[in-house]
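Here are the chains, one letter per residue:
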Amino acid sequence: MNTAAIADYMTKDFATIRADMPVVEAARQLLRYPILGGPVTDAQGLLLGWISEQECLHVAIQVAYYNQRVATVRDIMRTDVLSVTAAMDAVALAQQMLGDKPKSYPVVDAGGKVIGVITRRHILKLLDKLMELPLSRSA
């Protein structure tokens, strides 16, 4: 089977979320991109965590309806984040996504700097492209 590296299908266009950012601002950043969450990084771009729209929604409800304090991303982000490298086989990641593992992953370089994000949608696009390729037959 033909395979491809994650680098070929990840997006480099994702929300820039910092740990000290108010959650409401992070939610606004996330709304600008078609990904349901985003990596939380430090000023150098190193991965610190992940925040999803679901976590932002919870805080937004508290702010909008209950007038409670505004949380920062650090207060609610996940820190047990699984990441992948750009060279990882995308089909192997697709297999991992079938289980209880996350459906979106930050892509990091050897130093831990976030260089992209890959999601189920990206992997589906890859698989769709692979299914279009003619099968080579041995004669």
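Cut-off values and rules
- Residues numbered from 1 in each chain as written.
- Predicted model: local features only at pLDDT ≥ 70, side-chain atom pairs only at ≥ 80, totals over all residues.
- Heavy atoms only, no water.
- Pairing = 2+ DSSP bridges.
- Helix = DSSP H or I, 4+ residues; strand = E, 2+ residues; numbered from the N terminus.
- Buried < 20%, exposed > 50% of the residue type's maximum accessible area, 1.4 Å probe, protein only.
- Arc of directions from axis to C-beta.
- Contact = heavy atoms within 4.5 Å.
- Patch = residues over 30% accessible without salt bridge, like charges linked within 9 Å, V, L, I, M, F, W, Y side chains within 5 Å.
- Areas by Shrake-Rupley, 256 points an atom, 1.4 Å probe, with all protein chains shown as cover.
- Salt bridge = Lys/Arg side-chain N within 4 Å of Asp/Glu carboxyl O.
- Axes fitted to C-alpha atoms, helices over the stretch in contact; angles between N-to-C directions.
- Core = buried A, V, L, I, M, F, W, Y, C linked by side-chain atoms within 4.5 Å.

Visitor: What is the right way to read the sheet that holds strand E6 (residues 114–119) from this model?
Guide: Sheet strands pair via backbone hydrogen bonds, and the direction of the pair is either parallel or antiparallel. The strand order across the open sheet built from three strands is E4-E5-E6, with neighbouring strands paired in mixed fashion. Unpaired on one side and paired on the other, strand E4 (84–85) and E6 mark the two borders of the sheet. In this structure, strand E5 (residues 104–108) lies alongside E6, joined through five bridges in antiparallel fashion. Pairing of Tyr 105 across the sheet is with Ile 118, part of E6.

Visitor: For this particular structure, what's the right way to read helix H1 (residues 23–31)?
Guide: Structurally, the α-helix is built with 3.6 residues per turn, so residues lying three or four positions apart point the same way. The complete set of buried residues in H1 reads Val 23, Ala 26, Gln 29 and Leu 30. Along H1, the residues classed as buried sweep out an arc of 110° about the axis, all on the same side. Turned more than 90 degrees away from the buried face of H1 sit Arg 28 and Leu 31, all of them exposed. Those residues of H1 that are buried lie in contact with strand E1 (17–18), strand E2 (37–41), strand E3 (47–52), helix H2 (53–66) and helix H3 (73–76).

Visitor: Explain the environment of Ala 92 to me, please; I cannot follow it from the model alone.
Guide: Position of Ala 92 relative to the elements: it lies in helix H4 (residues 90–97). Each C-alpha atom of the pair Ala 92 and Ala 5 lies 9.7 Å from the other, and the pair is 87 residues apart in sequence.

Visitor: I'm lost on a nonpolar patch on the surface in this one. Help?
Guide: Taken together, Leu 57, Ile 61, Tyr 65 and Tyr 66 make up a surface patch of nonpolar side chains, about 500 Å² in accessible area. Along the polypeptide, Leu 57 turns up in helix H2.

Visitor: Would you take a moment to explain the sheet that holds E2 for this structure?
Guide: Pairing within the open sheet is mixed, and its three strands lie in the order E1-E2-E3. Edge strands, defined here as strands with exactly one partner in the open sheet, are E1 and E3. Here E2 pairs with E3 via five bridges, running antiparallel. Considered in E3, the bridge of Val 40 is made with Gly 49. Lying on the sheet, H2 is in contact with E2 and E3; it crosses E3 at an angle near 65°.

Visitor: I would appreciate a short explanation of the nonpolar core in the present structure.
Guide: Soluble globular proteins tend to bury their nonpolar side chains together. With 17 residues, the main nonpolar core has Ile 6, Val 84, Leu 93, Val 107, Ile 118, Ile 123 and Leu 126 as its most contacted residues. Contributing elements (two or more residues each) for this core: H4, E5 and helix H5 (120–132). When residues in this core are grouped by element, the largest group, five residues, is from H4. By size, the runner-up hydrophobic cluster in this structure holds 14 residues, among which are Ile 17, Ala 19, Val 40 and Val 59.

Visitor: Mind showing me how you'd approach the pairing of E6 here?
Guide: Of all six residues in E6, five are buried; the element is thus mostly enclosed. In this antiparallel pair of consecutive strands, E5 and E6, the connection spans five residues, and Gly 112 shows a positive phi of 90°.

Visitor: Any chance you could explain the environment of Lys 125 here in plain terms?
Guide: By the secondary structure assignment, Lys 125 is in helix H5. Owing to a relative accessible area of 53%, Lys 125 belongs among the exposed residues under this scheme. Separated by 116 residues in sequence, Lys 125 and Tyr 9 place their C-alpha atoms 8.0 Å apart.

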